[in-house]
Amino acid sequence: MDNEHSILEGMSQLLEGWACAVTAADTADTAGALAVMEQAGRPPDLMLVDFHLDGQDAGLKSIAALRERWGDIPAVVVTADYGEEVRERVRSLELATMRKPVKPAALRAIMNQFLLARRQAVATA
C-alpha cells in the first residue's frame, strides 16, 4: 500500500517477479484499502505499507483496520522518515520497519522470516 503510483508499480513488479500474488492499494483512505482487499477475496499473507500515506500516519491506521478485519497479519512499515518518533511508534505496535529506498535483498529476507513464522504458527495450531 502506497500513495505514490510509481513506487506501488515498481514494488508490485518486484514482488510478482518473486511469484507473489500482489494486491496493490494506492489509497490513503482506510475504507478504500479495505475495499481493495475485500475484492481480492482473501486476506493478505503479509502487508507492505507506507507510513506517510498522503503525509499522515494513515499507514498505521490501515494496518490496524486490516488486522481488525482479518486478524494478526504480519506487516512491514516502509518509510523515508528516519526520525525517532516514527521508529518508536512503529516499534510500539510490534511492526517491522524498512527504510526507503527498499533494498530487494532485505525485503526478501524479512518477507521470508514473516512467512515462515506464519506457516509454522498455522502448522502448530
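One structure accompanies this document, and this report is about it. The structure presented is a predicted model; accordingly, all values stated were derived computationally and were not measured.

**Some remarks on the pattern of salt bridges**
- Using the criterion set out here, one finds seven salt bridges in the structure.
- With its nearest N and O atoms 3.4 Å apart, the salt bridge here joins Arg 67 to Asp 72.
- Given a relative accessible area of 21%, Arg 67 falls into the partly exposed group.
- Close ionic contact of Arg 91 with Glu 88 constitutes a salt bridge, the shortest N to O distance being 2.5 Å. One end of the pair is Arg 91 and the other is Glu 88, both in helix α4 (residues 84-92) and three residues apart, which spans about a single turn.
- By relative accessible area, Arg 91 is classed as partly exposed at 47%.

**Considerations on the environment of Arg 108**
- If you trace the backbone, Arg 108 turns up in helix α5 (residues 104-124).
- A relative accessible area of 38% means that Arg 108 is categorised as partly exposed.
- On a C-alpha basis, the gap between Arg 108 and Trp 18 in space is 8.9 Å, while along the polypeptide they are 90 residues apart.

**Some points on the packing of aromatic side chains**
- Applying the stated criterion across every chain, the model contains zero aromatic pairs.
- The side chain of Arg 99 reaches across the aromatic face of Tyr 82, ending 4.2 Å from its centre.

**Some thoughts on helix α3 (residues 58-70)**
- With 13 residues, α3 extends 18 Å between its outermost C-alpha atoms, agreeing within 8% with the 18 Å of an ideal straight helix rising 1.5 Å per residue.
- Residues of α3 that are buried make contact with α2 (30-40), β1 (47-50), β2 (75-79) and α4.
- Two residues or fewer after α3 comes Gly 71, characterised by a positive phi angle close to 95°.

**Notes on the packing of helix α1 (residues 5-17) against α5**
- Across the interface, α1 lies against α5 with an axial gap of 12 Å and an inter-helix angle of 60°. Overall, the two elements α1 and α5 adopt an arrangement that is oblique. Note on packing geometry: the crossing formed by α1 with α5 is right-handed. On α5, the residues touching Met 11, Leu 14 and Leu 15 of α1 are Pro 104, Leu 107 and Met 111.
- Grouping the constituent residues of the contact of α1 with α5 by class yields six nonpolar, no polar and no charged.

Reading the values: the criteria
- Residues numbered from 1 in each chain as written.
- Predicted model: local features only at pLDDT ≥ 70, side-chain atom pairs only at ≥ 80, totals over all residues.
- Heavy atoms only, no water.
- Salt bridge = Lys/Arg side-chain N within 4 Å of Asp/Glu carboxyl O.
- Buried < 20%, exposed > 50% of the residue type's maximum accessible area, 1.4 Å probe, protein only.
- Helix = DSSP H or I, 4+ residues; strand = E, 2+ residues; numbered from the N terminus.
- Phe/Tyr/Trp six-rings, centres within 6.5 Å; stacked < 30°, edge-to-face > 60°.
- Lys NZ or Arg CZ within 6 Å of the ring centre and 35° of its normal.
- Expected span 1.5 Å × (residues − 1).
- Contact = heavy atoms within 4.5 Å.
- Axes fitted to C-alpha atoms, helices over the stretch in contact; angles between N-to-C directions.
- Parallel < 35°, antiparallel > 145°, perpendicular 65-115°, else oblique.
- Left-handed = near helix turned anticlockwise from the far one by under 90°.
- Nonpolar A, V, L, I, M, F, W, Y, C, P; charged D, E, K, R; others polar.

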